[in-house]
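# Structural description and commentary
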Amino acid sequence: MSRYFFNIRRSGDTALDDEGEDFGNLEDAREHAVNSIRELIAAQIKVGAIVADEHMDICDDAGNTLFSVSFHDVVKDHLAK
Amino acid sequence: MGAPGQFGMTNRLLASLPLDDYERVAPQLKYVELPRGKVLFELGEPIEKVYFLTSGVGSVIVTTSGGHRTEAGLFGWDGYVPTTAATDVELSSYDVNVQISGDAYVLEYSVFREWMETNRNFAKIITRSLEAFSIQVAYTAVSNAVHDISERLARWLLMCHDRVPGHEIHITHDFLAVMLGVRRPSVTTSLHVLEGNGFIKAERGIVTIRNRAALEEFAHDAYGRPEQEYRRLMRNLF
C-alpha cells in the first residue's frame, strides 16, 4: 500500500489534500481519481455550474506529481462518439 | 461516581427533568469518557447501556449489504443513545460510533427501562428526544436529496459546532467523506470553498469555525429547521 494525495488545481488555485489515501497501486489510485472527478463534475452540472478546466494532480508523499487527470477529459470520455 | 447536581448537568435531557426526578436518577448515572472512534453500539447487538452525552458527537451509521456506509444522524448533549432503547427493543438497530471525543453519563439498560415504565416525566423527555432525532434524520434525508455537497458540509459543521465547546471541530476528511456519503476529494473541494469564503479554517484534522453567521447563511435551508423544532419540543415540558 502507498499513500497518494489528490490535489485539485484550477487556474492557479489549488485545493490541497493534506491527508491522502492508501491504494495498492497506481492504477487503483487513478481509478479513484477518475471516480472522484465524476462525482465532482456531476455536482457542478446538477447546480448548473460550468465545468471549469480543472485538474486533479495525484502526488506521492514526497510531493512529486505522479500523474494528472483533466476534468474536461473525464467529461469527454462520457460523451458518445 | 454519580452525576453532579442538576445545575452542573450539561446533558439537556437530564437537565430538563424535574429536580426530584433528577435527584433520584443521578446516583444511578455513571460517568464515562468517550474517545474518538469508540463503538457504542453495533447493529443487532444487545443494548447494555444507555448514554447521555455531555460533550462530543456520536453518529448513527448505516452500512448497506453492498458495503456503502454513511451517517444517518448525529447527537451530542441534546439527546440520548441508542434511540431504540425507548421502544423496549433490546437489540440495536444501527451502528453508533463516537466521531468527536467527549463524555457521557450512562444508565444500565434495565435501569433505563425501569425509569421509562415508572416515571412519566422521564418517559416524556425521552420520547420528545426520539421525535427530535426523527425530525433531524428526516431533514438529513431531504438534504441528501436536494442540497449540494458544500451546503451539506456546511450543515454538518454547524450541527457539530452546536455540540462542541469552542470553535474547533476535530475531524478528518476521511471521516467527513463517510459522514456525507461522498468521496474524499469532494470533501477537500468543499472545505476549500468554505475556507475561500472565510467561513472556516481547515487544517489537518481540525476545522475551525470562523464566521458562524455567514456559514449559516451559506447553508440556508439546509440548516436550522430541525434545531428550531428541537427547541419547540423541549420547551415548557412540565
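What you are looking at is a predicted structure, and each value in this text was computed from that prediction instead of being measured. Here the residue numbers are simple positions, counted from 1 along each chain's written sequence. Chains carry letters and ligands carry numbers; both start at the beginning, A for chains and 1 for ligands, and go up in the order they are written. For a predicted model such as this one, the threshold for reporting local features is a pLDDT of at least 70, and the threshold for listing and counting side-chain atom pairs is 80 or more; totals across whole chains, interfaces and linings nevertheless cover every residue.

## Quick word on the domain arrangement of chain B
All names here are of chain B. Here is the rule we go by: Domain start and stop points were drawn from an automatic or database domain assignment. Once C-beta atoms are placed from the backbone, any two residues with those atoms within 7 Å are in contact.
By domain assignment, chain B separates into domain 1 (6-143) and domain 2 (147-228). Taking the mean C-alpha position of each, domain 1 and domain 2 sit 23 Å from one another. At the interface, 16 residues of domain 1 touch 18 residues of domain 2.

## Regarding the pairing of strand 8 (residues 206-209) of chain B
Residues and elements named next belong to chain B. The following threshold applies: Three exposure classes are used, all based on how many other C-beta atoms lie within 10 Å of a residue's own C-beta (placed from the backbone): buried at 20 or more, exposed at 12 or fewer, and partly exposed between those limits. Put simply, DSSP H or I for four residues or longer makes a helix, DSSP E for two residues or longer makes a strand, and each gets a number counted from the N terminus. When DSSP finds two or more bridges between two strands, those strands count as paired.
The alternating pattern of strand 8 places Val207 and Ile209 on a buried face, while none of Ile206 and Thr208, on the opposite face, is buried. As paired elements, strand 6 (residues 168-170) and strand 8 share three bridges and run antiparallel to each other. Bridging across to strand 8, histidine 170 finds its partner in isoleucine 206. Pairing of strand 7 (residues 200-203) with strand 8 involves four bridges; the strand directions are antiparallel. Looking across to strand 8, one finds that alanine 202 is bridged to valine 207. Hairpin connection from strand 7 to strand 8: two residues lie between these consecutive antiparallel strands, with glycine 205 at a positive phi of about 80 degrees.

## Side note on unusual backbone geometry
Residues and elements named next belong to chain B. Of note, the bond from valine 81 into proline 82 is cis; its omega dihedral lies within 30 degrees of zero at 5 degrees. Of note in this structure, aspartate 88 is not a glycine but carries a positive phi near 60 degrees. Structurally, aspartate 88 can be placed in the loop between strand 4 (69-75) and strand 5 (95-108). The phi angle at histidine 220 is positive, at roughly 30 degrees, despite the residue not being glycine. Inspection of the secondary structure assignment puts histidine 220 in the loop between helix 8 (212-219) and helix 9 (225-233).

## Details of the interface of chain B and chain A
Just so we agree on the cut-off: When residue character is reported, Ala, Val, Leu, Ile, Met, Phe, Trp, Tyr, Cys and Pro are called nonpolar, Asp, Glu, Lys and Arg charged, and the others, Gly included, polar.
Contacts between chain B and chain A engage 14 residues on the former and 15 residues on the latter. Here the side of chain B that touches chain A gets six residues from one element, more than from any other, and that element is helix 7 (residues 184-196) of chain B. Here the side of chain B that touches chain A is built from residues that sort into three nonpolar, six polar and five charged.

## With respect to the nonpolar core
Put simply, the rule is: One nonpolar core equals one set of buried Ala, Val, Leu, Ile, Met, Phe, Trp, Tyr and Cys residues connected by C-beta atoms within 7 Å.
One finds Tyr51, Leu153, Ala154, Leu157, Leu180 and Leu215 of chain B to be the most contacted residues of the largest nonpolar core, which totals 67 residues. When residues in this core are grouped by element, the largest group, eight residues, is from helix 5 (residues 149-161) of chain B. Summarising the domain contributions, this core has at least three residues from each of domain 1 (6-143) and domain 2 (147-228) of chain B. Excluding its chain neighbours within four sequence positions, the residues that come into contact with alanine 154 of chain B are Leu194, Leu215, Phe218, Ala219, Ala222 and Tyr223 of chain B. By size, the runner-up hydrophobic cluster in this structure holds 13 residues, among which are Tyr4, Phe6, Ile37 and Leu40 of chain A.

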